[in-house]
Amino acid sequence: MDILFVMPRLGLYKKGRGFRKNLTYAPLTLTTLASLVPKELNARMRIIDEGVEECDYESLNPDIVCLTGITGHILRSYEIADSFRRRGIKVILGGVHTTLMPEEAKQHADSIILGHAYKTFPQALIDWKNGELKERYKDESPCFEGIPLPRRDLLNRHGYISINTTQAVFGCPCSCEFCVISATKSGYHHRPVSEVIEEIKALNSKLVFFLDPSPIEDKEYVKELYRQMIPLRISWMGLSTSKIVDDEELLHLAHKSGCAGLLIGFESVSEKSLKRMNKNFNSLEKHYRLIQELHKRNISIMGCFVFGSDEDDKTVFKETVDFCLKTGIDLPRFTVYTPFPTTTLFNRLKDEGRILTTNWVKYNCQNVVFQPKKMTAKELEDGLEYAWKECYKTKNILKRLAKARTRLLCMTIANLGYKFYSRDHAKYK
Ligand code: SF4
């Protein structure tokens, strides 16, 4: 039996001019699904991540195809799904967009999986083998104990910055207006610390990437995890919210456990915009404090900013760039406020008649898909372009890195990657 797993390409990180590799870490979705395939099926498995490799699907004859997708590349998922179904090959579709838009997704699949798939995916495969595949599966009480190790051996390991990715914490209890994670209503869960530690040991790598979207809400859990990571003597990178700066012990343990870099959703330098996004735990004062505390501990910062909230006018772009230069954000990243389907933001803008398109290809955070309030769509697009280009001018890279002074070799390389991206930003949209 042959099972094909596919993750469609994402424009933002695709290989091409300026990129020798996919400018990201190996995702865990497909490798985790592969690890869940019941042994008794004795399956041969293949993973295609279109961000890393191209594939002539016509030359493949799998028995079943399993696809995932977020909103920005879901139309590509549908295209691949439809082509296999025309050939009589069954398709199972899962992932975030499917969870958000099940009625749409089911038109392109024999079966859809909503939410976490640890129990439902193996069940779907057994049902399919028995000729009893159901139209939809949803796990109402997911369990995060005993998750098998992802099948990283199935990845094209040379396509990524690293394949040593893991996840300890799932979901987020916060409710930022724009966030798909809160829109999936998938709760907040974590794996047993001992299992995460065993997985890190099995990776046998000095650098590990955590993909947890919101790891520090359960402070006792994450402190225990960091404590148990200290003897492993690894470096790690991951995500965090700004709340980390409110807890001195947590900051200390993150540092001691080997934290080398954090991706932080600063989102905005405008207090009004932060409030509008329901990101009340962020503030400008906290931004400054956080950057200072992380840099003091030699922790690099990938800072994410979003433009286009109802409080943003044309001044926001320069203010944000000035903030990045002044504070020395190691690796700034800019996106457009994007109303992903079923989020609070989407529902509000829809009610206000401000959604300009539901062509999901445009929902990649680099296109304007709604009518902004205090500027035109064109001004928002131009402002985004300006922020990318300005922050990644050589003189401004040097200015930021001179201020940050964290992991200079690694950060210089990462900045050059983003410099290429920003130079051709319009092409990647
Ligand atoms: S804190 Fe982050 S993960 Fe949580 S809802 Fe807000 S944006 Fe989403």
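Use the structure listed above.
Within each chain, residue numbers correspond to sequence positions counted from 1 in written order. A pLDDT threshold of at least 70 governs which residues receive local features in this predicted model, and a stricter bar of 80 or more applies before side-chain atom pairs are shown or counted, although totals over entire chains, interfaces and linings include all residues. Processing note: side-chain calculations cover all non-hydrogen atoms of the structure and skip hydrogens and water entirely.

(A) Focus on the site of the ligand. Contacts to the ligand come from C172, C174, C176, F178, C179, T241, K279 and F281. Under the convention adopted here, Pro, Cys and the residues Ala, Val, Leu, Ile, Met, Phe, Trp and Tyr are nonpolar, Asp, Glu, Lys and Arg are charged, and Gly plus all remaining residues are polar. A breakdown of the residues in the shell around the ligand according to their chemical character gives 6 nonpolar, 1 polar and 1 charged. For this description, a residue counts as near a given molecule or strand if any of its non-hydrogen atoms is within 4 Å of it.

(B) Just the environment of K219, in detail. By the element assignment, K219 lies in helix α8 (residues 219-229). Along the primary structure K219 and Y386 are separated by 167 residues, whereas in three dimensions their C-alpha atoms are 38 Å apart. Setting aside its immediate chain neighbours within four residues, K219 contacts D247 and L250. Numbering of helices and strands starts at the N terminus; helices are DSSP runs of H or I of at least 4 residues and strands are runs of E of at least 2. By definition, residues are in contact when any of their heavy atoms lie within 4.5 Å.

(C) A look at the sheet that holds strand β11 (residues 235-240). Spatially, the 6 strands line up as an open sheet ordered β7-β10-β11-β12-β13-β14, and their pairing is parallel. Two strands bound the open sheet, and with one partner strand each, they are β7 (165-166) and β14 (331-336). Of the strand pairs in this sheet, β11 and strand β12 (residues 259-267) are connected by 5 bridges, and their pairing is parallel. Paired with S240 across the bridge in β12 is I264. Only C-alpha atoms enter the line fits that serve as axes; for helices the fit covers just the stretch in contact. Angles between N-to-C directions range over 0 to 180 degrees. Of the strands in this sheet, β13 (300-307) and β14 touch helix α14 (residues 377-391), which is tilted by about 170 degrees from β14. Two strands are said to pair when DSSP picks up at least two bridges between them.

(D) Focus on the sheet that holds strand β1 (residues 2-7). Taken in spatial order, the 6 strands make up an open sheet running β2-β1-β3-β4-β5-β6, and their pairing is parallel. Only two strands of the sheet have a single neighbouring strand rather than two, namely β2 (44-49) and β6 (136-138). Within the sheet, the average angular offset between the axes of one strand and its neighbour, ignoring direction, is 20 degrees. Bridge analysis of β1 against β2 gives 6 bridges, and the strand direction is parallel. Looking across to β2, one finds that V6 is bridged to I48. Packed on one face of the sheet, helix α2 (residues 74-86) meets β1, β3 (64-67) and β4 (90-93) and runs near 155 degrees to β4.

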